[in-house]
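Report on the structure
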Amino acid sequence: MNKKIVIDPITRIEGHLRIEVEIDENHVIQEAWASGQLFRGIETILKGRDPRDAGLIAQRICGVCTNVHYRASISAVEDAYGITIPPNAEIIRNLVTLSLFVQDHIVHYYHLHSLDFVDITRALEADCTQAAREAEQWSIHPYRNSVGHLESVQEKLSSFIKAGRLGLFANGYWGHSAYRLSPEQNLVHMNHYLEALNLQREISKAVAIFAGKTPHPQNLVVGGVTSVADMLNPQRLNDFLFIIKEVREFIERAYIPDMAMVIEGYRESIDAGEGRASGNFMCCGGYRFSTQQQLFESGVVRGHDFETVEPFDESKITEEASRSWYENDAPLSPYIGETTPFYTDLNDDGTLKSEGKYSWVKAPRYDGEVMEVGPLARMSIGYAKKSPIIYPYMQRFMDKTRMKLIDFSTAIGRNAARAIEAQICCDYLFDTMSDLIENIKYYDETTWTKYIFEDLPKEGRGRGLFEVPRGVLGHFIRIEDAKIANYQAVVPTTWNASPKDAKNVRGAYEEALIGITLSDPTSPLEVLRVIHSFDPCLACAVHVIDAKGRELGKYKMHTTCKI
C-alpha cells in the first residue's frame, strides 16, 4: 500500500513551501504535490494606484529578489507609456541585475543547497593535509587552501557543535546513507561555505554602489536611473570592479571546482536522471551589451529536443487556477488575469486535497504546456543555439566533467548550470562596465528620459519581461484613466512550483520528484535535493499585513516529516 510523506515547511528556501509525495512499498515516489502555503496579494494592493509608484511597491514582493521585481515593474510602466530609457540607464540597471545573478547563485549553492550533498559532521573527521591535496585535484590554485586555514575551519565547526550553536546546521540529515563525499571533500566544501558568507556581504556593497542600498534599492524611476553621481565618480566605478574581481576569483577557484567535485561524487545520481522534469524549457533572453551581443538567448525547447529550439512568443503565456486557491479557473493572459482568493482548506487529516485546489501558486503555461525556467533552461538553450557567449563556457565545463547536455537536466545538473552562469555573468560585468566608461568618455552622461506625466496616454498596457536568477520574470500592467486597472506578476518560482493544471499535468517540481527512490522515508533527503535544485523563492507568494497591527491569522508549521 502506498504511503504519503508530508514535508512542511521545506526549509533553506525563501517563503513557505509544502511538499507531499506518495511512495510505494519500495520507497519510490509515485505522485507529488507542491503547495505554496501563503497568499501574495500584491496585485490587489496595486490596483487604483499611480503607475509611477508601482515599482516601489512591487519590489516588496520579495526581500531577496527586490531589484528584479523593481526593475520589471518600472519597465512594465515604461513599456505601457512607450518611454525608451537612455543607454547609460540600461547599463546601470544591467550592472546591478547581473551582480545579483552572481550573488544569488553563490548564496543559493553554498548556503541553501550544498548541505544536501555535504555532511558537516564528516568534515570533522577529515585529515587537513589530505583535504588540501584533495582541493588541488579540482583546481590549479584552490581558494584559501593552506593546511593551517583548513585546521581553523575544522576547529570552528567543532566549536559550533560542542557549544550547541548549530543554527541552520541543526536540522540536517547528518550521517544519511545518501551522502557520497569523503571527509576531506566535505571539509573543502565547508571552507568555501564560510568564505561565501563574506562574499555575500561584499557583493551587496557592489550592488549598493549603483542601487543606493540593498535590499529594496531606490535608484530606479520611470524613464531611467538616479545613480548619476556614482556613475561619474571614478572611485565608485573602481570599487565596483574591485569587488567583482574578488568574486570572480572565488568562482573560478572554489565554486566551479566544487561543482566538478560534486558531479564526480554523485555521478550515479546524474546517470539515473534524478530530478529530471518534463524537459520543456523556456527563455525570454536579454541583457545586450556592446550593441552587438546579447548575454542570454531566447527560445523554447519541448521534451528535451535540443535539436529544435522554437522562437519564444510571449503572447502564448497564460495562467490558470483550476488547482489553485483562486476563483477563476480559466487560462488567462496576464493582462487580464484575476487574483480573487478562494481557499478550500485541507483534508481532515491535514493533508492536501490532492484532487482539488491545493496551492496559492497559480499554474502558468506556455502554449498550454508546463515550462521549466532558470539557469538550466538558459544554459541549455544557449548551448543548443550555439551562443557565442554561453557555448564555450558550457563546452569547457562539459569537457572537464564528462557531462552531456541531457545530464544538466537533473538535480545536480541544475547546480552545474547555475555555477557556469555565475561565471559568465561575472566575466561579462567587466564588458558591461566598459560600455559605461566608453559612453562617459565621449560625454554621454544622460541617465533619464524626460517626460511630462500629464501628457502621457491615460490608457495603455505594458510588460517588463526579464531573465532573472531563478528564471523568466514578467510584470504585466493595464492602465485606465491614468491609474493601475490590473496588475499581474508571473514569477520564476510560479513557473517551476506550479501545481497541476486542468489536464492534471504536473508542475516542474512535481514532475522532477517522480521516480526518485528514498533510501530512508523518515529522512527524505532526496526530496530536498530535487526541490532545492530549483532555488525556490516562495517569498514571492507571501504578503498579507494589517497596518494597525491586528492579527490576521495563525499558521502552524510542521517541522518533522510525517508518513
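An account of the accompanying structure is given in this report. From a predicted model like this one, the values you see are computed outputs, not experimental measurements.

Conventions adopted
Residues numbered from 1 in each chain as written. Predicted model: local features only at pLDDT ≥ 70, side-chain atom pairs only at ≥ 80, totals over all residues. Heavy atoms only, no water. Helix = DSSP H or I, 4+ residues; strand = E, 2+ residues; numbered from the N terminus. Rg over C-alpha atoms; globule rule 2.2 N^0.38 Å. Buried < 20%, exposed > 50% of the residue type's maximum accessible area, 1.4 Å probe, protein only. Contact = heavy atoms within 4.5 Å. Axes fitted to C-alpha atoms, helices over the stretch in contact; angles between N-to-C directions. Parallel < 35°, antiparallel > 145°, perpendicular 65-115°, else oblique. Phe/Tyr/Trp six-rings, centres within 6.5 Å; stacked < 30°, edge-to-face > 60°. Lys NZ or Arg CZ within 6 Å of the ring centre and 35° of its normal. Expected span 1.5 Å × (residues − 1). Pairing = 2+ DSSP bridges. Salt bridge = Lys/Arg side-chain N within 4 Å of Asp/Glu carboxyl O. Core = buried A, V, L, I, M, F, W, Y, C linked by side-chain atoms within 4.5 Å. Polar contact = N/O pair within 3.5 Å; in protein donor to acceptor, adjacent residues only side chain to side chain.

**What about the overall build of the protein?**
A tally of helices and strands in the protein yields 17 helices and twelve strands. Taken over C-alpha atoms, the radius of gyration comes to 23 Å for the protein, in line with the 24 Å a tight globule of 563 residues would show. A principal-axis box enclosing the C-alpha atoms of the protein has dimensions of 70 × 60 × 55 Å. Split into buried and exposed, the 563 residues of the protein put 60% on the buried side. Pairs at least 24 residues apart make up 74% of the contacts formed inside the protein by residues separated by at least 6 positions.

**Looking at the packing of helix α12 (residues 375-384) against helix α14 (residues 411-441)**
Two elements in contact, α12 and α14, have axes separated by 8 Å at closest approach and are oriented at 75°. With respect to α14, the element α12 is oriented roughly perpendicular. Taking contact as the criterion, the partners of P375, L376, R378 and M379 in α12 are, on α14, R414, A417, R418, I420, E421 and I424.

**Things to note about the packing of aromatic side chains**
As enumerated under the stated definition, the model contains 26 aromatic pairs in all. Between Y110 and Y255, the ring centres sit 5.7 Å apart and the planes meet at 55°, which makes this aromatic pair tilted. Taken as a pair, Y110 in helix α4 (residues 87-113) and Y255 in helix α10 (residues 234-265) lie far apart in primary sequence, 145 residues in all. Just as Y110 is buried, Y255 falls in that class too. Ring geometry for Y383 and Y391: centres 4.6 Å apart, planes at 15°, overall stacked. When its relative accessible area of 26% is taken as the criterion, Y391 is described as partly exposed. One aromatic cluster in this structure is built from F39, W325, Y326, Y343 and W360. Of note, R378 hangs over the ring of F296, and the distance from its end group to the ring centre comes to 5.2 Å. If you follow R396 out to its NZ or CZ, it ends over the ring of Y393, 5.0 Å from the centre.

**Here we look at α4**
Given a rise of 1.5 Å per residue, 27 residues ought to cover 39 Å, and the 37 Å separating the end C-alpha atoms of α4 matches this to within 8%. For α4, the tally of buried residues reaches 25 of 27 residues, placing the bulk of the element in the interior.

**Overview of the environment of I406**
Looking at where I406 falls in the secondary structure, it is placed in the loop between α13 (390-401) and α14. Taking the C-alpha atoms as reference, I406 lies 31 Å from T522; in sequence the two are 116 residues apart. In this view, I406 contacts R276 and H304; residues no more than four positions away in its chain are not counted.

**Looking at the sheet that holds strand β2 (residues 17-23)**
On the basis of which strands lie adjacent, the open sheet formed by three strands has the order β1-β2-β3 and antiparallel pairing. The open sheet terminates on both sides in strands that have one partner only, identified here as β1 (3-7) and β3 (29-36). On average, each strand axis in the sheet is tilted by 15° relative to the strand beside it, whichever way the strands run.

**A closer look at the pattern of salt bridges**
In total, this model carries 37 salt bridges according to the counting rule given. For the salt bridge of D50 with R52, the shortest nitrogen-to-oxygen distance reads 2.8 Å. Judged by relative accessible area, R52 falls into the partly exposed class, the value being 32%. With a closest N to O distance of 2.7 Å, E310 and R302 form a salt bridge. By relative accessible area, which is 24% here, E310 ends up partly exposed. Salt bridges sharing common partners tie together E31, K500, R506, E510 and E511.

**Concerning the pairing of strand β12 (residues 483-490)**
Burial runs high along β12: six of the eight residues are buried. Alignment of strand β11 (residues 471-480) against β12, held across seven bridges, turns out to be antiparallel. In the strand pairing of β12, F476 is matched with Q488. Here β11 hands over to β12 after two residues, with D481 in that stretch at a positive phi of 55°.

**Here's the deal with the sheet that holds strand β10 (residues 460-468)**
On the basis of which strands lie adjacent, the open sheet formed by three strands has the order β10-β11-β12 and antiparallel pairing. Two strands close off the open sheet at either side, each with one partner strand: β10 and β12. On average, adjacent strands in this sheet sit at an angle of 15° to one another, irrespective of strand direction.

**Quick notes on the environment of T226**
Structurally, T226 is set in the loop between β5 (224-225) and α9 (228-231). Residue T226 is classed as partly exposed on the basis of its relative accessible area of 44%. Along the sequence, T226 and G368 sit 142 residues apart, while their C-alpha atoms lie 40 Å from each other. In contact with T226, not counting residues within four places along its chain, are Q218, N219 and V221.

**Digging into the nonpolar core**
Judged by nonpolar contacts, the single largest core of 135 residues is most densely connected at I106, Y255, L295 and F408. In terms of residues, this core owes the most to one element, α10, which gives 15 residues. Discounting chain neighbours no more than four positions away, the residues touching I106 are H111, A196, I203, V247, F250, I251 and Y255. Ranked by size, the runner-up nonpolar core spans 27 residues in total, among them I7, V21, A277 and Y509.

**Here we look at the pairing of β11**
Of all the ten residues making up β11, eight are buried; the element is thus mostly covered by neighbouring parts of the structure. Linking β10 to β11, which pair antiparallel, is a turn of two residues.

**Quick look at the side chain of R71**
Position of R71 among the secondary structure elements: in helix α3 (residues 66-81). In terms of polar contacts, R71 uses its side chain to reach the side chain of E90, at 3.1 Å. Other than its neighbours up to four places away in sequence, R71 contacts E90, R93, N94, T97, L220, Y287 and F466.

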